[in-house]
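The lines below spell out each chain.
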Amino acid sequence: MSQLIYPLRGGVHPPENKQQSLQSPLRRLAIPGELVFPLAQHIGAPAKAVVEIGDRVLAGQMIAEPNGPFSAAIHASTSGTVSAIEARPIPHASGLWGDCIVVAADGKDESIDFVGCENPFKIDHESLIEKIRHAGIAGMGGAGFPSAVKLNPPPNNNIDTLIINGTECEPYITADDVLMQERSEDIIRGCTLLAHILNGPDRILIGVEDNKPKAIAALEQSLLKLAAEDLPGIDRVQVVSFPTKYPSGGEKQLIQILTGKEVPSGGLPAHIGIVVQNVGTTVAIWEAIKHGKPLIERITTVVGESLKEQGNAIVKLGSPSQFVLEQFGFQEKSCARLIAGGPMMGFSLPDSRAPIVKTSNCLLVPSHQEMPDPAPAQACIRCGHCAEACPAGLLPQQLYWYAQAKEHDRLLAHNLMDCIECGACSFVCPSSIPLVQYYRASKGEIRQAEIEKEKSDRSRQRFEFRQKRIERAEAEKEAKRLARKKAAEAAKAKAAANAGAAKTAPAADPVAAAMARVQAQQSDPAEQLAKLERAVNNARNRLNSAEEKWQQAEGDQKAKLESRFKQAQLRLQDAESKLHDFKQQSAGQNPAPSNPTSASPTTPLNIDSDDPIERAKAKAQQRLSMSPLEKAENNLSSLNDRLKKAQEKASEADDDKRAAMEAAVEKLKQKKTSLEKEIDELKAQAPLKENTATAETPVDPNSIDDPIERAKAKAMQRLNMSPAEKLQNSLQALQTRLAKAEEKAASADEDRRPAMQAAVEKLQEKIKTVEQEITEFKAQEEPAKPAESANESSGIPLDAASAAIEKAKAKAAAQAQMSDSEKHAAQVESLQQRIQKAQQRLDKATEEGNDNVDAFRLGLEKLQAKLKELESE
Amino acid sequence: MDISSLHPLVLALLVLGGLALVFGAILGFAAVRYKIEGNPIVDQIDNLLPQTQCGQCGHPGCRPYAEGIANGEEINKCPPGGQDTINSIADLLGVDAPELDAEHGTESELSTVAYIREDECIGCTKCIQACPMDAILGAAKQMHTVIADECTGCDLCVEPCPVDCIEMREVEVTMQNWKWQLPSPLAAVNSDIIASDRQTPQETKQEDTAA
Ligand code: SF4
Ligand code: SF4
Ligand code: SF4
Ligand code: SF4
């Protein structure tokens, strides 16, 4: 039965140059000292390394597993030790380096026990596919398509023809020719196995060009011999030879020659019921399944005039090209270039260290005469030869124009994607135009554009989504704001009604007004109080944990943790002051309801009062029960203690710290005097206040219980307390904090100093504003008592702080100059610039009252810390 | 009344008027039924813009610029898109393609992505707020990082960083995004040309002698 041959459209007849490598017999190459296994030897996802540096591996051991279904495993081809997993030159047109597993061979070539199987035809489809994938078999004809994928076509494609590709149309290459001569029986067995995997297609065709008579003869002989054996489907196997023409070995071209069918544009052969496998792959699959031997070596043609001998060799995968060439007497000087693959579809290798991989069918090292540099490209003369030569029926000349103009739409309309990059058009072009290069580049561009399009679509989505999210957040905020406004209005209205009711009462006093105000501000005091207390607790916990960590930490970490610690401190203070304010407010509010003048409208508040409020009351009461005088005296004594301590420290401290210490002592003394003054003032006022307090308390006939009553009284007292006094109170608190901070700053070691100073500075600013308020107030109330001392004390520390910063900066600058290495100095300088910039930003933010001030300050501190670190190196 | 008794002119008027009403109704229905949402030309232009959202065109994003173009604005203000984008918009609108307006920036050959030097980041989240792509991952006081795949290289996050720890890096060429370059028509010798196995001078000579 003879198979009908359909002629190939187009095609060319380049010089075959196949004799050179067929002169010497197939040989087996030695094992190189080092083998390199690229993780990406196939189309699809690169394999995943499963060995580590230092592992001993044996021949046939899997060193990288398939990463997903569209991938293939990689096996060590000899025994040795994994010496590196790193980027190495790989055989790829880009010349890029890729990740490789490097094995230092030990020369013993020990291998794992290959576990074969008696009758592969009894194994089911799935396990066969899995075995093939784990044997790491990928198309050995050049493309490297994972065979397991190809042999597992979608179930709706009924495969009726299996084609084994022994065409090898590319000039110079004879690897498959030799394989077919040497292993013809395995090919026949292999293709029956493939047929079994594919569910027994009607036809199994082995296509061979008629320029390989020996191969054809060998195959036919084996076919006859094996017919006696019990191989399922062997009766359907045919060896088909057809006239030599380039590129009949292209998958689609071969299908056309053997079946007359054309693979649809953009489709796969499986879509028309055909699967094509290379002869090399067929043998590899047979070996993998029958003998359990993974793909660890292949036949490669080593050819070219710059070799002493040319021929085919069984090469261990991973052998460096340089090593392989040397075995054939490579004369590097006469070599024009190193080409992986054939002269038509191969590519230049920029680096001869690139290893032999699964797809390396040929290494071509032509001499300068053999393959001179191509002639310069000339203008297209529109001869049309290219269109005649194109096996895919394209219009290369049109494609060339569009490629130059980058008209992707037209390129696609002219089916650029069906170009198989065979190079036939370039070969015939009388103007020596490198046409294929244009197509390859254009294909790349189009793919890139598609990826970019996809990315930009995704970007648009993300952007629009973000836009929507921001809008929604805004809307929510707006709604909340509106709701708050409404609530406030409602409360105001209520308060107005209350005030109206209160007016009818005989003594409508400022207390009622204050109460109304407070009520309007707060919808649910209990809740707020609880919240604030929670905040304080949280902040305190955080502070504690931060401090702990900070104390445990060392070096780099310390600076980082310190800023965190400081932040936690700030937050705690913030939370505490908020809670404090709130308590003051609620203390002011609570007595109001039972005030005789407005008792009836506000009684519900008292009935509603639950636990937190009671607690707050108790607390407020405790605090309030301490008279301002007592408080001041307390402060004074603690101040005295601190002063003593500070003086002690100052005397102990060494020289450079002493200045700071003494400044701290000085400040403490000042504060002491001012505190003493205050105490005097308070003492003068005290009797007056007690009078008012006692005068007010008995007025309350509706008292509910004792503590409330007292709290009310105290609140009254507070209300009567002049704003100036209140300010004084807060000033005191601030000053205490300042003193503490200053103390810390003074005792801090060098690298923590800036952070401390920043904190001190902040406190000082606050004090200054409070003091200003006080002076203003005092100026209004008592022009006779100018608060000069306050003003003075605020001026001095502020200057000191800025002076300290200046000093630190000068020091930093000096240190930077001192450093020897220039690189180091440059680093320091750039850091300083960045510090300056950060400083400017910080200043600006502080000026604007930006709420990111903290962030900026943190950034600045961090930079400064880094600078210090650098300088200390 | 017998229709045929009408004056032919009146009859003609009636028939034409009736037809006009019928077609009017159909068209009116079609206009409502197959109404096109949005402004199709804006969508088309927006499709051509690179969606970098960098604002170099002077608009707060690519779509606003697409709207601007639809309203008659110049089409050469998008530097990230470059000449290719200008050309395709010109194609779409049927106008001549102008050069890129240098006032808005220059087209860069290499695409870039933002990179945060993570040990310097203080976690201020300012870059997150600036990024139009939500391509930065992080939280307050935590280290931040850029999702390189989502970053369009718009540059907007570099400026707000208080510690200057964001830099723009070139996208590396990998096996996945590498592509062949178009041969330069000016290069006399292109060393990457394949199909170079044409007859050598030597062979030609041999053939000559054989002949
Ligand atoms: S073979 Fe070369 S010169 Fe002739 S039409 Fe094609 S591209 Fe132009
Ligand atoms: S390279 Fe492409 S265009 Fe040129 S002949 Fe081959 S298939 Fe046709
Ligand atoms: S990470 Fe920076 S450069 Fe990248 S998209 Fe966001 S803002 Fe632009
Ligand atoms: S702006 Fe800079 S410091 Fe702030 S979170 Fe972003 S990268 Fe970090």
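What you are looking at is a predicted structure, and each value in this text was computed from that prediction instead of being measured. (Residues numbered from 1 in each chain as written. Chains lettered and ligands numbered in written order. Predicted model: local features only at pLDDT ≥ 70, side-chain atom pairs only at ≥ 80, totals over all residues. Heavy atoms only, no water.)

A. Expanded view of the pattern of salt bridges. For the structure shown, the criterion picks out 42 salt bridges over all chains. The salt bridge partner of Glu287 of chain A is Arg183 of chain A, with a shortest N-O separation of 2.6 Å. Note that Glu287 of chain A is positioned in helix H7 (residues 279-291) and Arg183 of chain A in the loop between helix H3 (175-182) and helix H4 (184-197), a separation of 104 residues in sequence. Two residues, Glu150 of chain B and Arg458 of chain A, come together in a salt bridge whose shortest N-O distance is 3.2 Å. Taken as a pair, Glu150 of chain B in the loop between strand S3 (145-146) and strand S4 (166-170) and Arg458 of chain A in helix H13 (residues 435-504) lie in two separate chains rather than in one. (Salt bridge = Lys/Arg side-chain N within 4 Å of Asp/Glu carboxyl O. Helix = DSSP H or I, 4+ residues; strand = E, 2+ residues; numbered from the N terminus.)

B. Layout of the side chain of Thr167 of chain A. Residue and element names in this part refer to chain A. Within the fold, Thr167 resides in the loop between strand S9 (161-165) and H3. Its relative accessible area of 0% is what places Thr167 among the buried residues. Residue contacts for Thr167: discarding those within four places in its chain leaves Gly207, Glu209, Lys212, Phe242, Ser248, Gly249 and Leu254. (Buried < 20%, exposed > 50% of the residue type's maximum accessible area, 1.4 Å probe, protein only. Contact = heavy atoms within 4.5 Å.)

C. The packing of H4 of chain A against helix H5 (residues 213-227) of chain A, seen in detail. Residue and element names in this part refer to chain A. One can describe the packing of H4 onto H5 by two numbers: an axis separation of 8 Å at closest approach and a directional angle of 60 degrees. Between H4 and H5, the interaxial angle falls into the category oblique. Handedness of the crossing formed by H4 with H5: right-handed. Contacts between H4 and H5 involve Ser184, Glu185, Ile187, Ile188 and Arg189 from the former and Ala218, Leu219, Ser222, Leu223, Lys225 and Leu226 from the latter. (Axes fitted to C-alpha atoms, helices over the stretch in contact; angles between N-to-C directions. Parallel < 35°, antiparallel > 145°, perpendicular 65-115°, else oblique. Left-handed = near helix turned anticlockwise from the far one by under 90°.)

D. Molecular detail of the nonpolar core. Within the largest apolar cluster, 75 residues are counted, with the highest numbers of intra-cluster contacts made by Leu151, Ile197 and Ile206 of chain A. With residues near it in sequence (within four places) discarded, Leu151 of chain A still touches His125, Ile129, Ile132, Leu194, Ile197, Leu198, Val275, Gln277 and Ile285 of chain A. If you look at the next biggest cluster of nonpolar residues, it comprises 32 residues, including Leu867 of chain A together with Ile122, Ile136 and Cys161 of chain B. (Core = buried A, V, L, I, M, F, W, Y, C linked by side-chain atoms within 4.5 Å.)

E. Just the site of ligand 3, in detail. Residues in contact with ligand 3, as listed here, are Ala114, Cys131, Pro132, Met133, Ile136, Cys151, Thr152, Gly153, Cys154, Asp155, Cys157 and Met168 of chain B. Here the residues of the shell around ligand 3 are counted per class, giving nine nonpolar, two polar and one charged. (Near = heavy atom within 4 Å. Nonpolar A, V, L, I, M, F, W, Y, C, P; charged D, E, K, R; others polar.)

F. Examining a nonpolar patch on the surface more closely. Residue and element names in this part refer to chain B. On the surface, a nonpolar cluster with roughly 630 Å² of combined accessible area is contributed by Leu11, Val15, Leu16, Leu19, Val22, Phe23 and Ile26. Examined against the element boundaries, Val15 turns out to sit in helix H1 (residues 8-33). We classify Val15 as partly exposed; its relative accessible area is 48%. (Patch = residues over 30% accessible without salt bridge, like charges linked within 9 Å, V, L, I, M, F, W, Y side chains within 5 Å. Areas by Shrake-Rupley, 256 points an atom, 1.4 Å probe, with all protein chains shown as cover.)

G. Main features of the sheet that holds strand S6 (residues 74-75) of chain A. Residue and element names in this part refer to chain A. Read from one edge to the other, the open sheet built from three strands follows the order S3-S5-S6, with strand pairing classed as antiparallel. A single partner strand is all that each edge strand has here, and the edge strands are strand S3 (48-49) and S6. Sheet topology note: the strand S5 (residues 62-65)/S6 ladder contains two bridges and is antiparallel. Each bridged residue has a counterpart across the sheet, and for Met62 the counterpart in S6 is His75. (Pairing = 2+ DSSP bridges.)

H. Looking closely at the site of ligand 2. Residue and element names in this part refer to chain A. Around ligand 2 sit 13 residues in total, of which Cys390, Cys419, Cys422, Gly423 and Cys425 are the nearest. Listed by contribution, the elements that provide at least two residues to the shell around ligand 2 are helix H12 (424-428) and H13. Per-class residue counts for the shell around ligand 2 are 11 nonpolar, one polar and one charged.

I. Quick look at the interface of chain A and chain B. Taken together, the contacts link 68 residues of chain A with 62 residues of chain B. Put simply, chain A and chain B have seven salt bridges between them. We note a salt bridge from Asp134 of chain B to Arg466 of chain A, for which the minimum N-O separation is 3.1 Å. Counting residues per element, the ones that place at least two in the side of chain A that touches chain B are strand S8 (97-105), helix H10 (396-405), H12, H13, helix H16 (555-589), helix H25 (822-848) and helix H26 (853-872) of chain A. The element best represented in the side of chain A that touches chain B is H13 of chain A, accounting for 21 residues. For the side of chain A that touches chain B, a count of residues per class yields 28 nonpolar, 19 polar and 21 charged.

J. Spotlight on helix H2 (residues 40-48) of chain B. Every buried residue belonging to H2 of chain B is among Val42, Ile45 and Asp46 of chain B, and all of these are buried. An end-on view of H2 of chain B places all buried positions within 100 degrees of arc, on one side of the element. (Arc of directions from axis to C-beta.)

K. Region of the structure containing the packing of aromatic side chains. Residues and elements named next belong to chain A. A full pass over the atoms with the stated rule returns four aromatic pairs over all chains. Consider the rings of Phe70 and Phe145, whose centres lie 5.3 Å apart with planes at 85 degrees: the pair is edge-to-face. Of the two residues, Phe70 is situated in the loop between S5 and S6 and Phe145 in the loop between helix H1 (125-134) and helix H2 (147-150); the sequence distance between them amounts to 75 residues. For Phe145, a relative accessible area of 27% translates into the label partly exposed. Site record: aromatic cluster; members linked through ring pairs are Tyr400, Trp401 and Tyr438. A cation over a ring is seen here: Arg27 above Phe328, with NZ or CZ 4.4 Å from the ring centre. (Phe/Tyr/Trp six-rings, centres within 6.5 Å; stacked < 30°, edge-to-face > 60°. Lys NZ or Arg CZ within 6 Å of the ring centre and 35° of its normal.)

L. Focus on the pairing of strand S14 (residues 311-316) of chain A. Residue and element names in this part refer to chain A. Here S14 lies mainly inside the structure; six of its six residues are buried. On S14, burial covers both faces: Gly311, Ala313 and Val315 on one face and Asn312, Ile314 and Lys316 on the other are all buried. The pairing of strand S13 (residues 297-303) with S14 spans six bridges and is classified as antiparallel. The residue of S14 that forms the bridge with Glu297 is Lys316.

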